Amino acid sequence: QVQLVESGGGLVQPGGSLRLSCAASGTIFSIYVMGWYRQGPGKQRELVAAVPSAGSAAYADSVKGRFTISRDDAKNTVYLQMNSLKPENTAVYYCNTVARVVSGGSVITYWGQGTQVTVSS
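Just so you know, these numbers come straight off a predicted model, no measurement behind them.

Draft legend 1. A look at the sheet that holds strand β3 (residues 18–26). Spatially, the four strands line up as an open sheet ordered β1-β3-β8-β7, and their pairing is antiparallel. Of all the strands in the sheet, just β1 (2–7) and β7 (67–72) have a single pairing partner and so form its edges. Within the sheet, the average angular offset between the axes of one strand and its neighbour, ignoring direction, is 15°.

As structure tokens, this is what we get:
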């Protein structure tokens, strides 16, 4: 199985920056997509950004130009650099990966436990 451990959340003032990290560990044959979702108070979970193993990253319109997703395949780690943060970015941010743990096995979606990001003065 795959375990995802997130780090980097916290309290930041409006206009500030944070960098989230998520490391995948366990039995991994191949990781296809790594991404970040968030769930704000009283809202549904939504995609923030995702990056495939080959191809371009995708972003929610609300974060384009401010957030950057990147991945280090040697470390099975995905990052989310968040700049110019706004109070409406306050949410629990969840790491997500789509992976295969054995050759020929099923492609499964895994989730981290989430890290709180609070943007407030």
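So, next bit.
Draft legend 2. Main features of the pairing of strand β8 (residues 77–82). Burial of β8 is extensive: five of the six residues sit out of reach of the surface. Direction of pairing for β3 relative to β8: antiparallel, over a ladder of six bridges. Paired with Arg19 across the bridge in β8 is Gln81. As defined by bridge partners, β7 adjoins β8 across six bridges and the pair is classed as antiparallel.

Draft legend 3. Structural view of the layout of surface pockets. As a volume, the largest pocket reaches approximately 180 Å³. What lines the largest pocket is a set of 14 residues, among which Arg38, Lys43, Glu46, Glu88 and Asn89 lie closest to the centre. Classifying every residue of the lining of the largest pocket gives two nonpolar, six polar and six charged.

Draft legend 4. Main features of the packing of aromatic side chains. A full pass over the atoms with the stated rule returns one aromatic pair. Judged by centre distance (5.0 Å) and plane angle (70°), the rings of Tyr37 and Trp111 are edge-to-face. One end of the pair, Tyr37, is in strand β4 (residues 30–39); the other, Trp111, is in strand β10 (residues 107–111), with 74 residues separating them in the sequence. Assessed through its relative accessible area of 39%, Trp111 is described here as partly exposed. Geometry around Tyr79 places Arg19 over its ring, the cationic atom sitting 4.1 Å from the centre.

Draft legend 5. Geometry of the side chain of Arg71. Locating Arg71 in the fold gives a position in strand β7. In terms of polar contacts, Arg71 uses its side chain to reach the backbone carbonyl oxygen of Tyr32, at 3.5 Å. In terms of polar contacts, Arg71 uses its side chain to reach the backbone carbonyl oxygen of Pro52, at 3.4 Å. The residues contacting Arg71, other than those within four sequence positions of it, are Ile31, Tyr32, Val33, Met34, Val51, Pro52, Ser53, Thr77 and Val78.

Draft legend 6. Quick peek at the pattern of salt bridges. Applying the stated criterion across every chain, the model contains three salt bridges. A salt bridge links Arg71 to Asp73, with the nearest nitrogen and oxygen atoms 2.7 Å apart.

Draft legend 7. Local environment of the pairing of strand β9 (residues 91–100). Of all 10 residues that make up β9, eight are buried, and the element is covered over most of its length. Pairing between β4 and β9: nine bridges, direction antiparallel. Counted as the bridge partner of Met34 is Thr97 from β9. As defined by bridge partners, β9 adjoins strand β11 (residues 115–119) across three bridges and the pair is classed as antiparallel. Its bridge partner lying in β11, Val92 is registered against Gln116. Pairing of β9 with β10 involves five bridges; the strand directions are antiparallel. Looking at the pairing, Asn96 lines up with Trp111 of β10. Hairpin geometry of β9 and β10 is characterised by an intervening segment of six residues between the two adjacent antiparallel strands and by a positive phi of about 80° at Gly104.

Each value, and the rule that gives it
- Residues numbered from 1 in each chain as written.
- Predicted model: local features only at pLDDT ≥ 70, side-chain atom pairs only at ≥ 80, totals over all residues.
- Heavy atoms only, no water.
- Pairing = 2+ DSSP bridges.
- Helix = DSSP H or I, 4+ residues; strand = E, 2+ residues; numbered from the N terminus.
- Axes fitted to C-alpha atoms, helices over the stretch in contact; angles between N-to-C directions.
- Buried < 20%, exposed > 50% of the residue type's maximum accessible area, 1.4 Å probe, protein only.
- 1 Å grid on protein atoms, 1.4 Å probe; cavity = no way out; pocket = protein on both sides within 12 Å on 5 of 7 lines; lining within 4 Å.
- Points joined across faces, edges and corners; volume = space filled by probe spheres on them.
- Nonpolar A, V, L, I, M, F, W, Y, C, P; charged D, E, K, R; others polar.
- Phe/Tyr/Trp six-rings, centres within 6.5 Å; stacked < 30°, edge-to-face > 60°.
- Lys NZ or Arg CZ within 6 Å of the ring centre and 35° of its normal.
- Polar contact = N/O pair within 3.5 Å; in protein donor to acceptor, adjacent residues only side chain to side chain.
- Contact = heavy atoms within 4.5 Å.
- Salt bridge = Lys/Arg side-chain N within 4 Å of Asp/Glu carboxyl O.

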